[in-house]
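Architecture at a glance
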Amino acid sequence: MSQNLRHKPDYELFHEEQRFTQWWIRLLVVAVTLLVWWAFIQQILLGKPAGTNPGPDWFLWIIMVVLGVGFPLFMFTLKLETRVYPGRVDLRFAYLIRRRISMKSIVSFRAREYRPLMEFGGWGVRWVPGKGVAFNTGGNKGVEVNLDDGKMVMIGSQEEMKLEQAIRQAKDSGFAE
């Protein structure tokens, strides 16, 4: 092992950013956004009721801000960041969830194919009682990490072999948080 690595515990061994790229998710976001914008333009800008039972203007303003602007911005900026350092794996899902896995808590790990819908109920951050948690944005490959408390973390990755190798290198580094 390099002396340089030993003196730099924050040296990044692996970094991957993933986003939701499934066509049907993008279609859903665009469809909801367009529908909200259409209703807003109809009722607020043109003064025509949006639909047969329109809501009050103040409610449409709220819907516009939340679903017409906030929802697409949120969905298109969502990402999963995976970083491996000597001694730890850091996972960050958007602005919402952060998870740090210490190398000393990892009992075993392996790159593998998995079935996101069948095993975890889909994509995103998915917790399944008795099984563990998955962090993924798409695809069906990742690294299964088994922890000393009996829990499992599935880390989805487009580069699962490189991720597995980085975890191996981080575990062998001698650092543990």
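The structure this text deals with has already been given above.
A brief structural summary.

Calculation rules
- Residues numbered from 1 in each chain as written.
- Predicted model: local features only at pLDDT ≥ 70, side-chain atom pairs only at ≥ 80, totals over all residues.
- Heavy atoms only, no water.
- Phe/Tyr/Trp six-rings, centres within 6.5 Å; stacked < 30°, edge-to-face > 60°.
- Helix = DSSP H or I, 4+ residues; strand = E, 2+ residues; numbered from the N terminus.
- Buried < 20%, exposed > 50% of the residue type's maximum accessible area, 1.4 Å probe, protein only.
- Lys NZ or Arg CZ within 6 Å of the ring centre and 35° of its normal.
- Pairing = 2+ DSSP bridges.
- Patch = residues over 30% accessible without salt bridge, like charges linked within 9 Å, V, L, I, M, F, W, Y side chains within 5 Å.
- Areas by Shrake-Rupley, 256 points an atom, 1.4 Å probe, with all protein chains shown as cover.
- Salt bridge = Lys/Arg side-chain N within 4 Å of Asp/Glu carboxyl O.
- Axes fitted to C-alpha atoms, helices over the stretch in contact; angles between N-to-C directions.
- Contact = heavy atoms within 4.5 Å.

**A closer look at the packing of aromatic side chains**
- What the rule picks out here adds up to 6 aromatic pairs.
- For the ring pair F40 and W61, a centre distance of 4.8 Å and an interplane angle of 85 degrees mean the geometry is edge-to-face. With a gap of 21 residues between them, F40 in helix 2 (residues 23–45) and W61 in helix 3 (residues 57–77) connect regions that are remote in the sequence.
- In this structure W61 comes out as partly exposed when scored by relative accessible area, which is 47%.
- With centroids separated by 6.2 Å and ring planes inclined at 45 degrees, the aromatic side chains of F74 and Y95 adopt a geometry described as tilted. Of the two residues, F74 sits in helix 3 while Y95 sits in the loop between strand 3 (88–93) and strand 4 (97–102), which places them 21 residues apart along the sequence.
- Overall, F74 belongs to the partly exposed group, its relative accessible area being 30%.
- For Y95, a relative accessible area of 52% puts it in the exposed group.
- Positioned above the aromatic ring of Y85 is the side chain of R88, whose terminal nitrogen or guanidinium carbon lies 4.1 Å from the ring centre.
- The lysine or arginine in question, K131, covers the ring of F120, its NZ or CZ lying 5.6 Å from the ring centre.

**Notes on the pairing of strand 9 (residues 152–156)**
- Taken across its 5 residues, strand 9 has 5 buried, putting it largely inside the fold.
- The pairing of strand 7 (residues 132–136) with strand 9 spans 3 bridges and is parallel. Within the sheet, the bridge partner assigned to V133 lies in strand 9 and is V153.
- Alignment of strand 8 (residues 141–147) against strand 9, held across 5 bridges, turns out to be antiparallel. Following the sheet pairing, E144 is matched in strand 9 by M154.

**Digging into a nonpolar patch on the surface**
- A surface patch of nonpolar side chains, about 570 Å² in accessible area, is lined by W37, I41, L45, L46, V69 and L73.
- Within the residue set of the nonpolar patch, elements represented by two or more residues are helix 2 and helix 3.
- It is helix 2 that provides the largest number of residues to the nonpolar patch, a total of 3 residues.
- Position of L45 among the secondary structure elements: in helix 2.
- Taking the relative accessible area as the measure of exposure, L45 reaches 60% and is therefore exposed.

**Notes on the sheet that holds strand 2 (residues 80–85)**
- With respect to topology, 4 strands assemble into an open sheet ordered 1-2-3-4, the strand pairing being antiparallel. The open sheet terminates on both sides in strands that have one partner only, identified here as strand 1 (14–18) and strand 4. The sheet shows a mean angle of 10 degrees between the axes of neighbouring strands, taken without regard to direction.
- Where strand 3 and strand 4 come together, 6 bridges link them in antiparallel fashion. Across the sheet, the residue bridging to F93 is I97, located in strand 4.
- Sheet strands touched by helix 5 (residues 160–172): strand 1, strand 2 and strand 3. Its angle to strand 2, the strand with the most contacts, is close to 35 degrees.

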